Amino acid sequence: MAKIIAGVATSHVPAIGAAIDLGKSGEAYWQPLFKGYERSKKWMAETKPDVAILVYNDHASAFSLEIIPTFALGCAAEFPIADEGWGPRKVPVVKGHPELAWHIAQSVILDEFDITIVNKMPVDHGLTVPLSLLCGQPAEWPFPVIPLLVNVIQYPPPTGHRCYALGQALRRAVETFDKDLRVVVFGTGGMSHQLQSERAGLINSKFDNRFLDGMAQDPEALTKIQHFEYVREAGSEGIELVMWLIMRGALDRDAREVYRFYHVPASNTAVGHMILENKH
Ligand SMILES: [Fe+2]
C-alpha cells in the first residue's frame, strides 16, 4: 500500500526562483536564505520519496479569472513550465503520476470533496520554487509530482478547516492505493506578506512563529483561524497558509518536527519552512 511518510511546508516566493536561475544564490542578500535549505536538500536526497503531492496555488498562469476552481488536481503525465512574463523558468518539465492522481480524484470525490480534474496545465513558481528549494538544480526532478491547486487568489478561498479535512481525505486516498509508494506532501505559500495597498510589505513574525508552533504541536487549533484573521495578521497574501493545512491534515496528529527555518525577508515576504515526519 502507498503511504504518506512526511510533509514539507515552504514559502514559494517567485524572487527565490529568479535568484536560483540567475546564479545569485551566493550573494549576501540571498545567502542566509539558501543556507537555511541546505539541511532540507540533504533530507530530501536521503528520503527519496517515490512521488510528491504538491499543494500550491496558481498565480493566473494556468487559470484566469474566467475559471476559478477551489480545489483542482493535476492528473496529466506531464506539466510544462509556465511563462510568467519573463519566459518559462529553465527547470525540468514536471512529470506527473496519472495512476495515483486518478485514484486520488476518485477517492476524494467519493469521499465528498468535489475536486476539479485537470488534464492539461502549465505549472508556475508556486510549484517549481519549492521543488528548486528542496531538490536543487537537477537535470530531471527526482520524483513525479501530483499538483494539487487551491484558490487563494479570488475571494472566497476555502477555509483552513476545509483544507485540513481535505488533507485527511488525501491520506485516506493514498493509503488505499495498492502499490508500495512512499509519498511526501508539500504545503506551500505564506508566510505573512501583503503585495498591495497601504499595508504592502507587511510582515508579522509573531504570527508566523505561532503558526509554525501550531503546525508542530496543535494543528487543529490552526484550523479555527478565520479568513479575516489571516488577512489582518498575516496580510492579504498570508491567506496562502491555508494550503499548509492540507499537508498537515494528511499527516499523523503527532507527526515529528524534524526541521524548521524562518527568515525575513525574501523580496517582501517572510519565508517559513518546516519538515514533519510521520512516526507510524
Ligand atoms: Fe503564492
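Everything here concerns the structure above.
Each value, and the rule that gives it
- Residues numbered from 1 in each chain as written.
- Predicted model: local features only at pLDDT ≥ 70, side-chain atom pairs only at ≥ 80, totals over all residues.
- Heavy atoms only, no water.
- 1 Å grid on protein atoms, 1.4 Å probe; cavity = no way out; pocket = protein on both sides within 12 Å on 5 of 7 lines; lining within 4 Å.
- Points joined across faces, edges and corners; volume = space filled by probe spheres on them.
- Helix = DSSP H or I, 4+ residues; strand = E, 2+ residues; numbered from the N terminus.
- Nonpolar A, V, L, I, M, F, W, Y, C, P; charged D, E, K, R; others polar.
- Phe/Tyr/Trp six-rings, centres within 6.5 Å; stacked < 30°, edge-to-face > 60°.
- Buried < 20%, exposed > 50% of the residue type's maximum accessible area, 1.4 Å probe, protein only.
- Core = buried A, V, L, I, M, F, W, Y, C linked by side-chain atoms within 4.5 Å.
- Contact = heavy atoms within 4.5 Å.
- Pairing = 2+ DSSP bridges.
- Axes fitted to C-alpha atoms, helices over the stretch in contact; angles between N-to-C directions.
- Parallel < 35°, antiparallel > 145°, perpendicular 65-115°, else oblique.
- Left-handed = near helix turned anticlockwise from the far one by under 90°.

### Some remarks on the layout of surface pockets
Okay, step 1: Approximately 980 Å³ is the volume attributed to the largest pocket.
Okay, step 2: Considering the residues around the largest pocket, the lining is formed by 44 residues, among which Val-13, Pro-14, His-59, Glu-84 and His-125 are closest to the centre.
Okay, step 3: Elements with a minimum of two residues in the lining of the largest pocket: helix H1 (14-21), helix H5 (125-135) and helix H9 (227-234).
Okay, step 4: Reported here for the second largest pocket is a volume of approximately 180 Å³.
Okay, step 5: Forming the boundary of the second largest pocket are 16 residues, of which Asp-58, Phe-63, Ile-68, Asn-151 and Ile-153 lie nearest the centre.
Okay, step 6: Its residues assigned to classes, the lining of the second largest pocket comprises 10 nonpolar, five polar and one charged.

### Examining the packing of aromatic side chains
Okay, step 1: A full pass over the atoms with the stated rule returns seven aromatic pairs.
Okay, step 2: Aromatic pair Phe-211 and Trp-244: ring centres 5.9 Å apart, planes at 75°, arrangement edge-to-face. Of this pair, Phe-211 sits in helix H7 (residues 205-217) while Trp-244 is found in helix H10 (residues 242-249), placing the two residues 33 residues apart along the sequence. Neither Phe-211 nor Trp-244 differs from the other in exposure class; each is buried.
Okay, step 3: Here the aromatic residues Phe-207, Phe-211, Tyr-230 and Trp-244 are joined through ring pairs into a cluster of three or more.

### Overview of the nonpolar core
Okay, step 1: The biggest cluster of nonpolar side chains holds 56 residues, and the ones touching the most others in it are Ile-53, Ile-104, Leu-148, Phe-211, Met-215 and Tyr-230.
Okay, step 2: Contact partners of Met-215, with chain neighbours within four places excluded, come to Leu-222, Trp-244, Leu-245, Met-247, Arg-248, Met-274 and Leu-276.
Okay, step 3: Membership of the second largest hydrophobic core comes to 44 residues, among which are Phe-79, Val-94, Val-184 and Tyr-259.

### Some words on unusual backbone geometry
Okay, step 1: With an omega of 5°, the peptide bond running from Tyr-155 to Pro-156 counts as cis.
Okay, step 2: Here Pro-156 is to be found in the loop between strand E7 (145-150) and helix H6 (160-174).
Okay, step 3: At the junction of Gly-190 and Met-191, the peptide bond is cis and its omega measures out at -5° in the coordinates.
Okay, step 4: Its place among the elements puts Met-191 in the loop between strand E8 (182-188) and H7.
Okay, step 5: Despite not being glycine, Glu-112 has its phi angle at roughly 80°, a positive value.
Okay, step 6: Among the structural elements, Glu-112 can be located in the loop between helix H4 (98-110) and strand E6 (116-118).
Okay, step 7: Classification of Glu-112 by relative accessible area gives exposed; the value is 61%.
Okay, step 8: The phi dihedral of Ser-197 falls on the positive side, at around 70°, and the residue is not glycine.

### Here we look at the sheet that holds E6
Okay, step 1: The strand order E6-E3-E7-E2-E8-E1-E10-E9 describes an open sheet built from eight strands, whose pairing is mixed. A single partner strand is all that each edge strand has here, and the edge strands are E6 and strand E9 (256-266). Each neighbouring strand pair of the sheet contributes to a mean axis angle of 20°, computed without reference to strand direction.
Okay, step 2: Pairing of strand E1 (residues 3-10) with E8, which is carried by seven bridges, proceeds in the parallel orientation. Across the sheet, residue Val-8 finds its bridge partner in E8, namely Phe-186.
Okay, step 3: Here H10 sits on the sheet in contact with E1, strand E2 (51-56), strand E3 (71-74), E7, E8 and strand E10 (269-277), set at roughly 160° to E8.

### A few points about the packing of H7 against H10
A packed helix pair is summarised by two numbers, namely the angle formed by the two axes and the spacing between the axes.
Okay, step 1: As a packed pair, H7 and H10 sit with axes 11 Å apart at the nearest point and diverge in direction by 15°. Put simply, H7 runs roughly parallel to H10. Crossing handedness for the pair H7 and H10: right-handed. Across the interface between the two elements, Phe-211, Leu-212, Met-215 and Ala-216 of H7 pack against Trp-244, Leu-245, Met-247 and Arg-248 of H10.
Okay, step 2: Of the residues in the contact of H7 with H10, the class split is seven nonpolar, no polar and one charged.

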